[in-house]
Structures are given as C-alpha cells and as structure tokens.
Amino acid sequence: SWEANDMKRVPNILTLIRLFLIPLYLTVFYSDTAHPVRWAMIIFLVASLTDIIDGYIARKYDAITKFGQVADPFADKVMQLSVLYTLMDIGYIENWFFLIVLIKDGLQIFLGVALLNVEPKIIVPANVFGKATTVLIFATILLSLFRLPGLIYLQLFVGGLAVFTFSQYAYHVWQAWEKNKSAKTDNQ
C-alpha cells in the first residue's frame, strides 16, 4: 500500500513525465499524423494537469525537494516555451509575444538557479502577478487555437504583464540579495 513516504516521490515522477512530454509534444506537433496540432495540444493539457497534481501533492505531503525546486519550474517553462514556439511557427501567435515570454522565462530560470546556490537561501515566492501571467499565457495558448480576431490585444496585455511581472521578480531578487549582503557584513 502507498504511504506518505511513497507519495513524496510522486511530484518528482510527475515532473520527469512532464520533461518527457516536451519532446513528445514537439514530435507530434511536427508529425504527418491527422490533426497534429490537436494531438499536440492534448499532450500539452496532460502536461499541464501533471503540473497541477504535482504541486498539490508536493504541498500536501511536504514533498518539496531541491530537484523539484529546479526541475518543476524548468519543465513548466520549457513546455510552455515549446508550445508558444510551435504556435508562433504556424502563425497562431505573434513572434514578439513568443520573444517576450522566452526572455522573461530564460532570465527567471537563470536567476532561480543562481539563487539556489546562495546562503542564506533567497526564496522569491510566487505572487498574484506571476500567477496571473501564467494563467493568461495558458489562456492565450488555448484561445490562439480558435484563431480569434483581437487575440493581438490579449497578447499585448499579457506581454506587458509578463514584463511587469519579471521586473517585479528581479526587484525582489535584488532586495533579498542586498539584505543577504548586509546580513553577512553585520555578522563579520
């Protein structure tokens, strides 16, 4: 029978599955099968579902690991960027929208990894803007599939929100970094 200790492994297993789904998504998207975009989007939705489930289990069973802290956001961002790239490639979203999200996510991954090696730990918790940006990027992906007129306005709004969200994240990192530096100086 499954015990709490077994449940602690589940989030990392789900993250590994999500990492595996990225090349599968790309393979299906660019395949010659009937309705490749539809099948690829189903893979994306499955990956999104595993992200929700793994986050829930990690919090409920206190199964937060260093691997998960790095691999989970990495898997999320690489999957999201893969989907945005493919949708840009077929003209469903604007090139500049993809580039904004690519730069934001790339810098966030870089800062996140850099912060893991800082003592004392600097943790920048997700805030309402970051969560809203993630949800709206997801909505933009889904709505782009319907080729709705006016989607450019959603992309403008979400792109602006992504820039704002990243600048806020970078500011919080900088503040925490300065606080760490002054704490180290005070302790010497």
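Residues numbered from 1 in each chain as written. Predicted model: local features only at pLDDT ≥ 70, side-chain atom pairs only at ≥ 80, totals over all residues. Heavy atoms only, no water.

(A) Expanded view of the packing of helix α4 (residues 66-89) against helix α5 (residues 95-116). Two elements in contact, α4 and α5, have axes whose closest approach is 10 Å; the angle formed by their N-to-C orientations is 170°. By the angle between their axes, α4 is roughly antiparallel relative to α5. The residues of α5 that touch α4, namely those facing Lys66, Gln69, Val70, Phe74, Lys77, Gln80, Leu81, Leu84, Tyr85 and Met88, are Asn95, Phe97, Phe98, Val101, Leu102, Lys104, Asp105, Gln108, Ile109, Val113 and Leu116. Split into classes, the residues belonging to the contact of α4 with α5 amount to 13 nonpolar, four polar and four charged. (Axes fitted to C-alpha atoms, helices over the stretch in contact; angles between N-to-C directions. Helix = DSSP H or I, 4+ residues; strand = E, 2+ residues; numbered from the N terminus. Parallel < 35°, antiparallel > 145°, perpendicular 65-115°, else oblique. Contact = heavy atoms within 4.5 Å. Nonpolar A, V, L, I, M, F, W, Y, C, P; charged D, E, K, R; others polar.)

(B) Looking closely at the packing of aromatic side chains. Scanning the model with the defined rule gives eight aromatic pairs in all. Relative to Tyr30, the ring of Phe29 has its centre 5.0 Å away and its plane inclined at 75°; by these criteria the two rings are edge-to-face. Exposure remark for Phe29: the relative accessible area of 4% places this residue in the buried category. Using a relative accessible area of 41% as the deciding quantity, one classes Tyr30 as partly exposed. Considering the side-chain rings of Trp96 and Phe97, the 6.3 Å spacing of their centres and the 85° angle between planes classify their relative orientation as edge-to-face. Each residue in the set Tyr25, Phe29 and Tyr30 is aromatic and connected to the rest through ring pairs, giving one cluster. Cation over ring: Arg147 sits above Tyr92, and NZ or CZ is 4.3 Å from the ring centre. (Phe/Tyr/Trp six-rings, centres within 6.5 Å; stacked < 30°, edge-to-face > 60°. Buried < 20%, exposed > 50% of the residue type's maximum accessible area, 1.4 Å probe, protein only. Lys NZ or Arg CZ within 6 Å of the ring centre and 35° of its normal.)

(C) Structural context of the pattern of salt bridges. What the rule picks out here adds up to six salt bridges. Between Lys77 and Asp105 there is a salt bridge, with the nearest N and O atoms lying 3.7 Å from each other. Taken together, the positions of Lys77 in helix α4 and Asp105 in helix α5 put the pair 28 residues apart, joining distant regions of the chain. The network of salt bridges with shared partners includes Arg18, Asp51, Asp54, Asp72 and Asp76. (Salt bridge = Lys/Arg side-chain N within 4 Å of Asp/Glu carboxyl O.)

(D) Inspection of a nonpolar patch on the surface at higher detail. Residues Trp96, Ile152, Tyr153 and Leu156 make up a contiguous nonpolar surface patch of roughly 410 Å² in combined accessible area. No other element matches helix α7 (residues 151-187), which puts three residues into the nonpolar patch. Relative to the helices and strands, Trp96 is located in helix α5. Note on Trp96: relative accessible area 30%, which makes it partly exposed. (Patch = residues over 30% accessible without salt bridge, like charges linked within 9 Å, V, L, I, M, F, W, Y side chains within 5 Å. Areas by Shrake-Rupley, 256 points an atom, 1.4 Å probe, with all protein chains shown as cover.)

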